[in-house]
Structure formats: C-alpha cells, structure tokens
Amino acid sequence: MPKILIPTALRQFAGKQDSVEVTGGTVGELLQELASRHPDLKRQLFSEEGKLRSFVNVYVNDEDIRYLDKDATAVAAGDTISIVPSIAGGSAAVAVALDKEEILRYSRHLIMPEVGMEGQLKLKQAKVALIGTGGLGAPLGLYLAAAGVGRIGLVDFDVVDFTNLQRQVIHGTKDVGRKKLDSAADRMADINPHIQIDRHEAALTSENALQILKDYDIVIDGTDNFPTRYLVNDACVLLGKPNVYGSIFRFEGQATVFAYEGGPCYRCLYPEPPPPGLVPSCAEGGVLGILPGTIGLIQATEAVKLILGVGEPLVGRLVLYDALAMRFRELKLRRNPECSVCGDNPTITELIDYQEFCGVPHASEAAPAPMGDIDPVEVKAMMDAGTPFVLLDVREPHEFQICRIPGAKLIPLGELPKRVNELNSADLIVAQCKMGGRSAKAVDLLKQAGFPKVRNMTGGILAWSDKVDPRVPKY
Ligand code: ZN
C-alpha cells in the first residue's frame, strides 16, 4: 500500500501518527481516503469546497506534483506521499487551528458563511498594527482582540491620565498612571488569551516606523496629530500595506482605508498639513467621549473585512459622521497621479522629517522660552507682590465655567479682534488659555494691534494647576 507521511504540525489531527497507509490508485483518492479517516485533518487540508488548500503541497516520492492533476496522478504500492505545509517564521502556517475553547468562543462567527472556520483561521493568522491606544485605539483593541485577530501590535508611549477615561474605554480608573501599553495589553489578554499582543513602547518616528510596521499585514491609524498621520501614511505606501484611517473632533468623525489596491492615500486627500495650531487637537477643542467609539469601530470593521476578504472595502470613499445630526455622508476619493508619495512619479521615496513637514518645532528648538513667555509660577509671584497686570483668559466661556484663575478677564480668542478696546495698551497683559496655544496667538494679535507689554503664560491653566494651585481642576 502507498504510504502518506504526516508532518509534525498535522499529526495532532491524525491520531498522532507520523505516517498512514492508505489504499487508492491516484493521489486524489489517497488524500480523500486520508481525509475521510481523519475529519480534523480534512479541515486542515481542504477548503469548504473540498479543494486542497493553497499552502499545502503534495510530493510523490521526491516529486512536486503541485501543478499536476491529483486525480490523474497514479501511485503504486511502494510510493511515499509527503504532505508539506508552507513554513513561515519557524511555524507551519497550517498548524494554525482552533482548539475546542476557541471553537466555542468564536461560534457566532463560525456559523456565519462569510466568516466560518476558514475566515476565523484567517483572523487568527492576521497581523495588525494599532498605532495608539487612545480614543480610537481603545475600541479597536477591545474588538479586534475579541474577534480573534491573532497578532496585534500596539504602538504607544503614553501614560493613562484621568482625562483619558471619558473615552479611552480600554483603560480603567485603576490604570491611571500606568503605561497605556500595559493597561491595554492586559485588558485585551483578559478578553482573549488566545491572541499574541506585541508591545512597541515608542513614539512612531521616521527612524523606527518601517521596522515596526513591516511585520504586520494591516496598519490602523489611531493617532491624534498631523506629523504621525503623514508618517503612518507614507510608511504604509512605501511598505504596500493598507492604512485604516479614522479621525475625530468634537461631534464629527471621518474614516476611510488608504493605500489599498491602487486606492488613494492620505496625501492624495491632504497634500499639505494645515498650519500648526489652526486645527485644534482634542485636548484643545474637546471630543464627545462616545465619538471615538463609533469611528474606531468603523475602522475595526474595515480591518476585519480586509482580513476576511469580504464585502466592499472603504477604499476611495471617505465616510463623514456627524453625531449631532446623526448623519453619515460619503465622499468619493481618487488617487492623485501627482501625489508626492503614491503618485506616478513620487518625490517621497523614503520617510522624511514629519515634525518639520508639519511646521512643528522640535523639542530642542522649542526649549528656550521666547521673551514674551512667562511661567505660571512667575505670574503667581507677580500677584503675590501686588504687581499690576491684567490676566487675560482667551478660552471659551464654557471652559471658563469649568475652572478659572481668580481675577482673570475673559475674552475668547475669536472675539479678541473686536473687543480689543476693552484692554488698555499701557497695561501689562498676561494672556492665558488651557495649554498655551491660543494665548500665544492672542499675544501675536495684541502685539500687532500695538500693545507693547503682552506676555503668554506657558502651559496655560493646566500648568497653573500643576505648578501653582492644584485645586484648579484640569480638564
Ligand atoms: Zn497619495
């Protein structure tokens, strides 16, 4: 009788035997016979449609019969048939299987024809990089772990803060002060101990991005700043990996899939970043806590669809979500043939300096404080010494309601040009906002309006709370 050699990775499905003797005249018949004797092995070797899976090669004696018709390939009594699964990174791809606990866990997936055993194994073998474990990263991490995405790489360097808990639901109150990476990984491992979680404790930079991302099939952008968005985009285009994009602000969000199968990239949509400070961050502008849940889960859905190869991917379409109106809109996006990174003649062929590209000063350049800046501690000293000055708060009235520095005069930045007459150019004016960004603009504006003595309180009211008066709540 011909003999079939069973590779190590598959022996668990064939009663732990290393070889099986079977009867049959052709390779096809032998394999069918083997499969009918070992139904678990059948699931490994054949697809639902009964086709031999693409990662399984069959040899008769030493001959590769991959391209021959297996039903017509005759075998004789002394022949040895070898089943050789493809090996990747030291582990056999075919060794991926679900154990009993996983079958139970994923049963609601397994009974859907769009997922099934084949799809669940695809999820198990998928490698997804998740940049950021904040507002978007939180729902993404939770659901991708629960869905059984086999390997998830988390990239973050931040620490959990009280202000995160309003939306970053992967972290708990007990995690405040912990590394987000550890907090998120622990929660995900608790949801699903069957997955591998890689922790990349780093800010993604031009130096490390390609190295980190190259090992993953799909990249999901859950970041909140322009330099990293352009960096992730360019890295994905250069590596040829899809970039599942989402962004949030206040009550509005956007989502799409960039750089996938000839579709547009982020630079096709936005060739240049806005000037620094023009678009406020969530820390400055705020965000509805639930919003990143909605957008993050659109990203998670798209990632899972890409892995399964089902449905219509969100490529070349930008979904706009307005939570206040509860309305979704969709805009068509096209790849720009002139795009500097994914265009026909790209000028960006390696990663660049994204801080510089986005006009963000480097930490080393930002370090020496300009003459107009003043530290909150100095402001407090001036108050205590009775030095006359006007503390000008340029935040919005609803922020003023949350907290204020005693004696501050409120003129929101947007109203400053028409209310400048409420200020006296002879006075020393110290402008202050939440973090120091808007007040810096107020200082420029007042200087242009002819006010000679204006200074910007660095770090805003948050720094005041840290350095001067911890009773002032942070938000
Ligand atoms: Zn492009």
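Scroll up to find the structure this text is about.
Here's what I pulled together on the structure shown here.

Parameters at a glance
- Residues numbered from 1 in each chain as written.
- Predicted model: local features only at pLDDT ≥ 70, side-chain atom pairs only at ≥ 80, totals over all residues.
- Heavy atoms only, no water.
- Helix = DSSP H or I, 4+ residues; strand = E, 2+ residues; numbered from the N terminus.
- Rg over C-alpha atoms; globule rule 2.2 N^0.38 Å.
- Buried < 20%, exposed > 50% of the residue type's maximum accessible area, 1.4 Å probe, protein only.
- Contact = heavy atoms within 4.5 Å.
- Areas by Shrake-Rupley, 256 points an atom, 1.4 Å probe, with all protein chains shown as cover.
- Lys, Arg positive; Asp, Glu negative; His and termini not counted.
- Charge placed at Lys NZ, Arg CZ, Asp CG, Glu CD.
- 1 Å grid on protein atoms, 1.4 Å probe; cavity = no way out; pocket = protein on both sides within 12 Å on 5 of 7 lines; lining within 4 Å.
- Points joined across faces, edges and corners; volume = space filled by probe spheres on them.
- Donors = N, O, S within 2.8 Å, 3.2 Å for Na, K, Ca; no water.
- Tetrahedral: all angles 85-135°; square planar, octahedral: opposite > 155°, others 65-115°.
- Salt bridge = Lys/Arg side-chain N within 4 Å of Asp/Glu carboxyl O.
- Patch = residues over 30% accessible without salt bridge, like charges linked within 9 Å, V, L, I, M, F, W, Y side chains within 5 Å.
- Expected span 1.5 Å × (residues − 1).
- Arc of directions from axis to C-beta.
- Phe/Tyr/Trp six-rings, centres within 6.5 Å; stacked < 30°, edge-to-face > 60°.
- Lys NZ or Arg CZ within 6 Å of the ring centre and 35° of its normal.
- Axes fitted to C-alpha atoms, helices over the stretch in contact; angles between N-to-C directions.
- Parallel < 35°, antiparallel > 145°, perpendicular 65-115°, else oblique.
- Left-handed = near helix turned anticlockwise from the far one by under 90°.
- Nonpolar A, V, L, I, M, F, W, Y, C, P; charged D, E, K, R; others polar.
- Pairing = 2+ DSSP bridges.
- Polar contact = N/O pair within 3.5 Å; in protein donor to acceptor, adjacent residues only side chain to side chain.

### Overview of the overall build of the protein chain
- Of the regular secondary structure elements, the protein chain holds 20 helices and 20 strands.
- Since a compact globule built from 475 residues should have a radius of gyration of about 23 Å, the 29 Å found for the protein chain marks it as more spread out than a globular shape.
- Overall, the C-alpha framework of the protein chain stretches about 105 × 50 × 45 Å when taken along its three principal axes.
- Within the protein chain, buried positions represent 48% of all 475 residues.
- For the protein chain, long-range pairs separated by at least 24 residues make up 64% of all intrachain contacts whose partners lie at least 6 apart in sequence.
- Accessible surface computed for the protein chain: about 23,300 Å², of which carbon and sulfur atoms make up 53%.
- Seen as two clouds, the 51 positive and the 60 negative side-chain charges of the protein chain have centres 5 Å apart.

### Focus on empty space enclosed by the protein
- In total, this model carries 1 cavity of 30 Å³ or more according to the counting rule given.
- By volume, the largest cavity is sized at about 40 Å³.
- If you go around the largest cavity, the residues you meet are Leu98, Glu102, Tyr106, Gln120, Lys124, Gly148, Gly150, Asn192, His194 and Ile195.

### Thoughts on the coordination of the zinc ion
- Donor atoms from the polypeptide that coordinate the zinc ion comprise Cys265 (SG), Cys268 (SG), Cys339 (SG) and Cys342 (SG), at 2.3 Å from the metal.
- Around the zinc ion sit 4 donor atoms; with metal-centred angles ranging over 91 to 121°, the donor geometry is tetrahedral.
- Each donor residue of the zinc ion belongs to the same chain, and together they define the spacing C-x2-C-x70-C-x2-C. Residues cysteine 339 and cysteine 342 agree in their burial class; the two are buried.

### Quick word on the pattern of salt bridges
- What the rule picks out here adds up to 29 salt bridges.
- Across the salt bridge formed by arginine 37 and glutamate 33, the nearest N and O atoms sit 3.3 Å from each other. On the criterion of helical spacing, the pair formed by arginine 37 and glutamate 33 is a turn pair, its members being 4 residues apart in helix H2 (residues 27-37).
- You can call glutamate 33 partly exposed: its relative accessible area is 27%.
- Between arginine 317 and glutamate 312 there is a salt bridge whose closest N-O contact spans 3.9 Å.
- Look at the salt bridges and you will find they share partners, linking Lys174, Asp175, Arg178, Asp182, Asp186 and Arg199 into a network.

### Re helix H6 (residues 116-125)
- Along H6, the residues that are buried comprise Gly116, Met117, Gly119, Gln120, Leu121 and Leu123.
- Those residues of H6 that are buried are in contact with helix H3 (39-45), helix H4 (100-105), helix H5 (107-110), helix H7 (137-147) and helix H13 (291-308).

### Let's talk about a nonpolar patch on the surface
- There is a patch of nonpolar side chains on the surface, built from Phe251, Leu288, Ile290 and Leu324 and spanning about 390 Å² of accessible area.
- Within the element layout of this structure, isoleucine 290 appears in the loop between helix H12 (282-285) and H13.
- For isoleucine 290, a relative accessible area of 62% puts it in the exposed group.

### A few points about helix H19 (residues 437-448)
- Here H19 is 12 residues long and its end C-alpha atoms lie 17 Å apart, about the 16 Å a rise of 1.5 Å per residue gives.
- Those residues of H19 that sit buried are Arg438, Ser439, Ala442, Val443 and Leu446. One side of H19 holds all its buried residues, which, seen down the axis, span an arc of 145°.
- In the segment just after H19, glycine 450 is the residue with positive phi, at about 95°.

### A closer look at the packing of aromatic side chains
- Evaluation of the coordinates by the stated rule reveals 7 aromatic pairs.
- Ring geometry for tyrosine 245 against phenylalanine 258: centres 5.1 Å apart, planes inclined by 65°, an arrangement best described as edge-to-face. Highlighted residues: tyrosine 245 in strand S12 (residues 243-249) and phenylalanine 258 in strand S13 (residues 252-258), separated in sequence by 13 residues.
- Classification of phenylalanine 258 as buried rests on a relative accessible area of 0%.
- Measuring from centroid to centroid gives 5.8 Å for phenylalanine 258 and tyrosine 266, while their planes differ by 65°, and the two rings are edge-to-face.
- Classification of tyrosine 266 by relative accessible area gives buried; the value is 2%.
- Three or more aromatic residues joined by ring pairs form one cluster here, namely Tyr230, Tyr245, Phe258, Tyr266, Tyr270 and Phe357.
- Arginine 267 extends its terminal NZ or CZ atom over the ring of phenylalanine 357, reaching a point 4.6 Å from the ring centre.

### Focus on the packing of H6 against H13
- Direction vectors running N to C along H6 and H13 enclose 115°, while the axes themselves pass 9 Å from each other. Taken together, H6 and H13 sit at an angle that is classed as roughly perpendicular. H13 is crossed by H6, and the crossing has right-handed handedness. Between H6, through Gly119, Lys122 and Leu123, and H13, the contact on the second element is made entirely by Val304, Ile307 and Leu308.
- By residue class, the composition of the contact of H6 with H13 is 4 nonpolar, 1 polar and 1 charged.

### Points about the sheet that holds strand S2 (residues 19-21)
- Taken in spatial order, the 5 strands line up as S2-S1-S5-S3-S4 in an open sheet, and their pairing is mixed. The sheet is open, and its two edges are formed by S2 and strand S4 (63-64), each paired on a single side.
- In this structure, strand S1 (residues 3-5) lies alongside strand S5 (residues 80-85), joined through 3 bridges in parallel fashion. Looking at S5, one finds that isoleucine 4 is bridged to isoleucine 81.

### What to know about the side chain of serine 439
- In this fold, serine 439 is placed in helix H19.
- For serine 439, a relative accessible area of 0% gives the class buried.
- For serine 439, the side chain forms a polar contact with the main-chain oxygen of glycine 436, separated by 3.3 Å.

Keep in mind these values describe shape, not function.
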